[in-house]
Each structure stands twice: as structure tokens, then as C-alpha cells.
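Close look at the chain arrangement
One letter stands for each residue in the lines below.
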Amino acid sequence: MTHVEDELNSQPECWMRVAEQAAVHEAALPAAGERVAIVGCGTSFFMAQAAAALREQCGQGETDAFAASEFPAGRPYDRVIALTRSGTTTEVLELLGRLRGHTRTTAVTADPHTPVMESADDVVVLGFADEQSVVQTRFATTALTLLRAHLGLHSDAVVADARTALGTPLPEGLVGCSQFTFLGRGWTVGLANEAGLKMREASLAWTEAYPAMEYRHGPISITTHGTATLMLGEAPEGLAEQVRGTGGLWVDGGLDPLAELVRAQRLAVAVAAARGLDPDQPRHLTRSVILSH
């Protein structure tokens, strides 16, 4: 078993553990009414997108998500949350340095022995969710589960759905598809983006991601026999039938959307195996991007 397989299979236990700890970290996480930005790079940026949309949907306050390198200078926030598994990513550390003394910051990380511990005002360490693999799985979903639990949106049903995603076969014919499109709505757009990234990282697959309602505005033109469209969350009315009408494979998202992301992680590993690739050795990637200036 690869590192990434071992780590993605441990997600239900990680989610239960972080949900139990959510109250301990309450002071480091946004209070209702605060204006908040959530930042990250790569996978962490897509988790930031999901968390920001969830918080706004809950009426907790205006919440934006940015890639750390694209944070808008001078825009006022009550708190900025940085998601960083390694605690060493250059863009995140530089942003936290610029915000010091002006904006309250919180870092959510997996490693307490990294520079981010001194760069943020508050730090949440999820060491039990750290990973050996380059390709992120459990840290990202555990960090998002922490934020969902903080909003009162986590439940045992989410964990049960994750176990279902891990324990049931992938849809027939899915692994052999030549192209994969992931769709989301609201907070699950970030999850769709992350599912696509997992496929590209682990299996070098031709993969795209869109808000579901945008799929009809051009992207559906690539859908045909041998392609797959996967929905994370509830699909817009009529879209499944339209995709099936092209000859493409449609996969409904019947589980909690975060559990559907787990299924997408499994798909990435399965496609990698079918193509003779090692998902623990993704091409051109390292565990953390550290830039020298």
C-alpha cells in the first residue's frame, strides 16, 4: 500500500478526532461576525474556498478565500486563517509576516517544528493528520472538518459517509475513462477543484473542475463516450440527463460532499495504478514549495 492510500484510508478516524477537539481551538478560530480571509496554496487554497463559502452560508460573516500569493494588499480583515500542512510554504510565511501587527492571524498546520509557529498569532496543530506523501489527503480534509465542526456542521453521518466512500467499489468503467470533470455548487466548488487537482497530481489525468451551473456554458462540449462527469453535492435539475445524453458517464454525489472527495482521492490512486504510476512519486512535485530569493 502506498503512503497516500494509507493516509486517505485514515480520514474517518482523523475527522472524529478533530471534531472532538474543535472546542479546544475555539479561541483561535473566527467568532461570528468577524470579517475573515482564509488562505493557502494548492490543496489548502481549495480547502479555503470550501471553508469560506460554508462560513458565509451559515451567516457567520463575510469570508473570502485567496491563494496566499494573491492576497489583496490593504484589504481589512478581522482575522486571516492560513492553512499550511508543512508550515514552511514561502508564500504563506511571507503573507503572515506582512500581516503581523496589523491583522490577527491563525495558522492551521501539521508540524509544530516549523517557522509558521512563530509567524502566526494563533496556531492550531493537527499533528495526527500529518502525512508522508506529497499528495495531500487527510490533512486537508481534517483541517476542513475542524472548520466545519467550528460552524456546527460536522456530524457522525459525515464520518459514516466517508467509511462508505472507502468501502464501496468505484463505479464500473470509471477508472478507464480518458477525461474527468468534477462539479460543485456553493462550498463544494472548492471540493471539485481539489478533486481535479488530486487526479492531476497522482495520475496525470486530463481533469477539469467547474461550478455545476457553468458546465453547460462550454465545458460540456468535451463530454462524450469515455469521459466522466462527477458531481460533489446535489446536481442542478436536468444536468445528469444532459450529460448522459452525450454518451458520457455521469456519477452522482449521493454522499456528504467531503466523503465524495474521499472517493475522488481513491479514484486518483486507482487511475494511477491502472496507468503504472506511483502516486507517492508525483511528477515535478515536492511536499512543500520553498522559494529562494
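Higher on the page you've got the structure.
Here's what I pulled together on the structure shown here. (Residues numbered from 1 in each chain as written. Predicted model: local features only at pLDDT ≥ 70, side-chain atom pairs only at ≥ 80, totals over all residues. Heavy atoms only, no water.)

**Description of the packing of aromatic side chains**
Counted by the stated rule, this structure contains five aromatic pairs. Ring geometry for Phe66 versus Tyr77: centroids 6.5 Å apart, planes at 70 degrees, classification edge-to-face. Taken as a pair, Phe66 in strand 2 (residues 63-67) and Tyr77 in the loop between strand 2 and strand 3 (79-84) lie far apart in primary sequence, 11 residues in all. Both residues of the pair, Phe66 and Tyr77, count as buried. With 5.8 Å between their ring centres and 50 degrees between their planes, Phe71 and Tyr77 make a pair best called tilted. Overall, the relative accessible area of 11% leaves Phe71 in the buried class. (Phe/Tyr/Trp six-rings, centres within 6.5 Å; stacked < 30°, edge-to-face > 60°. Helix = DSSP H or I, 4+ residues; strand = E, 2+ residues; numbered from the N terminus. Buried < 20%, exposed > 50% of the residue type's maximum accessible area, 1.4 Å probe, protein only.)

**Description of the pattern of salt bridges**
On inspection of all chains with the given rule, the structure shows 12 salt bridges. Note that Lys198 is salt-bridged to Glu194, the shortest N-O span being 2.4 Å. Pair noted here: Lys198 and Glu194 are both in helix 8 (residues 188-203), with a separation of four residues, about one helical turn. Note on accessibility: Lys198 and Glu194 belong to one class, buried. Here the residues in one salt-bridge network are Glu34, Arg79, Arg104 and Asp122, joined through shared partners. (Salt bridge = Lys/Arg side-chain N within 4 Å of Asp/Glu carboxyl O.)

**Brief notes about the nonpolar core**
Core analysis: the largest hydrophobic core is formed by 65 residues, its most contacted members being Val108, Leu126, Phe180, Phe182, Leu191 and Leu267. Judged by nonpolar contacts, the second largest core, of 15 residues, contains Phe71, Ala82, Leu96 and Val116. (Core = buried A, V, L, I, M, F, W, Y, C linked by side-chain atoms within 4.5 Å.)

**Describing the sheet that holds strand 4 (residues 104-109)**
The five strands are arranged 2-1-3-4-5 in an open sheet whose pairing can be described as parallel. The open sheet has two edge strands, strand 2 and strand 5 (122-125), and neither has a second partner. Ignoring which end each strand starts from, the neighbouring axes of this sheet average 20 degrees apart. The pairing of strand 3 with strand 4 spans six bridges and is classified as parallel. Directly across from Leu83, in strand 4, lies its bridge partner Val108. Packed on one face of the sheet, helix 3 (residues 43-57) meets strand 1 (36-40), strand 2 and strand 3 and runs near 170 degrees to strand 2. Across the sheet, helix 4 (residues 90-99) touches strand 1, strand 3 and strand 4, and the angle it forms with strand 3 is around 160 degrees. (Pairing = 2+ DSSP bridges. Axes fitted to C-alpha atoms, helices over the stretch in contact; angles between N-to-C directions. Contact = heavy atoms within 4.5 Å.)

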